[in-house]
Amino acid sequence: MAERIEQRLEDRVPELEQLERVGLFTRREIRAVLRKASALEYKIQRRALRKEDFINYIQYEINLLELIKKRRARIGYSFKKDEIEYSILQRVHSLFNRATGKWKEDLQLWLSHVAFCKQWNSKHQLSKVFSCMLAIHPNKPALWIMAAKWEMETRLSSESARHLFLRALRFHPECPKLYQEYFRMELMHAEKQRKEKKEFEQAKMDLGEFNYSEEILNGEMARIIYRDAAQKIKGVEFHLAVLSIAKLFDFTQDLQKEILESLQTKYADDPLTWDYMARRELELGSLQSTEHTTKQMKVSQMTQREERCCAVFEEAVGAVPTEDMWKCYITFCLERCNRKTNSEELKQKRLERTLSVFNKAHESSLLPEALYKQWLQLLLESNLFEKATEVAEAATKRFSLSVEMWQMRLQVLIQLKSDDVSQCFEEAIKHVKSKGTLPLWALWVEWSEGTNSKEDTEALYQRSLRATTPAESVTMKEKYLDWTYRNSGYKKVKRLFTSLCENRPFSLDFFKKMIQIEKEQESCKMLHLREYYERALREFGSTGPDLWLDYIKEELSHPQGKPENCGSIHWRAMKMLQGDLVEEFISKYTLLQTGHL
């Protein structure tokens with residue numbers, strides 16, 4: 001092993017001598033590099049190899065390359081790259097090869113090697129890396145796409161890219177993303193050939209020796225890929241994805257037409273098909289607009305285009321009366337409504353149209369639950385308060401078991417300062433099952449705090465503790481404690497705390513809140529703090545190392561504290577804490593003793 005390390009260090013000597021000779025490094029720096037390299041070499045020549053040692057070595061060599069690059073730029077010296085950088089690059093590739101050979105399944109290692117090759121323009125090496133990586137990870141389509149893109153865009157080899165895509169499709173015959181990228185690649189290749197041919201024709205060169213196939217120039221290869229994929233991959237999303245790719249190329253009108261016809265034939269009842277056809281009206285209109293148009297003409301044209309879109313959507317909700325179809329229509333209307341415009345007329349038309357569509361969907365009983373909230377928001381923003389109240393009530397009738405719908409209705413009534421808030425809360429609690437009602441109770445007590453008397457609010461808190469599930473009552477206990485302290489002071493909150501402690505469960509924050517309240521008192525008693533900490537530790541002593549530490553800190557810092565109790569608290573913590581929490585406690589306790597915590 002020693003001989004091998006000696007040999008590898010000797011191999012470095014020529015490049016280090018060159019670094020010193022050309023003035024990039026000093027003699028002292030060269031010695032430092034040798035020392036570091038020697039230490040790193042020993043680590044990767046051991047029997048029990050560690051991945052971290054290879055990564056550290058690779059990172060050191062990359063940092064060295066970056067330093068050389070900066071120093072070259074600083075002194076303006078650009079010679080001897082073969083003697084210096086080339087040998088370092090080869091060493092990094094060798095280290096990566098050893099590491100990926102040993103830890104084949106570590107994809108991050110492979111990708112790091114790919115990134116290194118790209119950064120240092122090692123094209124020949126990168127081809128090899130991709131080849132080895134794909135042999136070991138053929139089950140990841142993204143890697144095939146990455147390799148094919150590099151072949152196409154960097155090496156300008158459409159043949160190699162095509163070969164990779166075909167191999168990838170043998171492993172993943174139904175992968176939409178692979179077909180999409182293969183489709184894109186063939187169209188890019190066709191576009192490149194069209195440009196070449198045009199340049200040659202402009203230069204009046206003889207095209208005899210160049211074989212430009214009309215089929216390839218017109219994107220026939222992409223058409224074949226699409227037809228093959230369409231037989232294997234079902235769903236509108238794929239057709240729309242390839243259509244959006246085809247639209248990026250100006251010679252694919254026939255291909256776009258074929259995809260569109262297929263979409264309308266196979267997926268006539270799919271909301272996404274209708275959504276695409278409707279939105280297409282916007283684009284078709286924008287293509288026809290001329291240069292010399294006034295602002296008023298632009299507004300008029302936009303209005304007409306949007307109306308054509310809505311005409312298609314109206315046809316769609318008639319042909320496919322589903323929640324998803326209405327959702328597409330409403331989403332379109334909301335998008336247009338949220339678009340900025342200087343025209344008040346257009347803004348008003350968009351708002352009226354959106355509210356009208358919401359209403360139609362609601363009357364058809366096909367408005368999805370999630371969209372009621374957006375409808376109400378729009379109504380409130382438009383100061384249509386009566387309609388908002390009516391819609392909120394209708395929403396809770398249709399989705400009477402939905403906490404979100406009741407919460408939304410109550411928020412509307414509270415915002416409008418309605419007299420029906422209490423009655424609506426009662427109605428909500430009656431309809432909704434006890435599990436999941438926490439948001440309603442939290443909203444109710446919050447509203448009551450600002451509206452009702454202390455007695456009514458207290459009664460409501462007491463009622464919420466009985467009505468919510470044990471897990472949800474934890475939050476209500478915290479809120480109740482906080483409200484009582486704010487409104488009735490220390491003595492009342494202390495009695496409440498003792499009373500609430502009779503019924504589990506509790507949260508850690510419940511105890512922390514009481515500890516904080518005690519510490520805020522002028523005559524803060526350590527006796528009370530101990531009681532609260534002990535109660536908290538009975539519940540959370542096995543999982544809360546920080547709680548034990550806070551208790552110890554309190555004994556050390558409080559005027560009435562007893563530092564002699566700390567040893568006993570430490571011993572109990574060590575017995576009660578579970579697993580890794582013991583180590584966490586020990587390390588933090590050590591910091592506390594040294595004054596670093």
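Remember, it's a predicted structure, so these values are computed and weren't measured experimentally.

Novice: I would appreciate a short explanation of the overall build of the protein in the present structure.
Specialist: The helix and strand inventory of the protein stands at 29 helices and 0 strands. The C-alpha radius of gyration of the protein comes to 36 Å, more than 25% above the 25 Å expected for a compact globule of 597 residues. The C-alpha extent of the protein, read off along each of the three principal axes, is 100 × 80 × 45 Å. Across the 597 residues in the protein, those meeting the buried criterion constitute 45%. With an accessible surface of roughly 33,000 Å², the protein has 50% of that area assigned to carbon and sulfur atoms. One way to put it: in the protein the 96 positive side-chain charges average out to a point 5 Å from where the 90 negative ones average out.

Novice: When you look at unusual backbone geometry in this model, what are you seeing that I'm missing?
Specialist: Excluding glycine, most residues fall at negative phi; most peptide bonds, likewise, are trans. Cis geometry marks the peptide bond from Arg504 to Pro505; its omega dihedral reads 0 degrees. The topology assignment puts Pro505 in the loop between helix H24 (470–500) and helix H25 (508–520). The backbone phi angle of Asn121 is positive, close to 55 degrees, even though this residue is not glycine. Residue position: Asn121 is located in the loop between helix H5 (107–119) and helix H6 (123–136). Positive phi values are uncommon outside glycine, yet Ser365 reaches one of about 55 degrees. As for its position among the elements, Ser365 is in the loop between helix H17 (344–363) and helix H18 (369–381).

Novice: Help me understand the environment of Leu379 in this model?
Specialist: Mapping Leu379 onto the fold places it in helix H18. Judged by its relative accessible area of 2%, Leu379 falls in the buried class. Not counting the four nearest positions on each side in its chain, Leu379 is found in contact with Leu355, Leu384, Lys387, Ala388 and Val391.

Definitions and cut-offs
- Residues numbered from 1 in each chain as written.
- Predicted model: local features only at pLDDT ≥ 70, side-chain atom pairs only at ≥ 80, totals over all residues.
- Heavy atoms only, no water.
- Helix = DSSP H or I, 4+ residues; strand = E, 2+ residues; numbered from the N terminus.
- Rg over C-alpha atoms; globule rule 2.2 N^0.38 Å.
- Buried < 20%, exposed > 50% of the residue type's maximum accessible area, 1.4 Å probe, protein only.
- Areas by Shrake-Rupley, 256 points an atom, 1.4 Å probe, with all protein chains shown as cover.
- Lys, Arg positive; Asp, Glu negative; His and termini not counted.
- Charge placed at Lys NZ, Arg CZ, Asp CG, Glu CD.
- Contact = heavy atoms within 4.5 Å.

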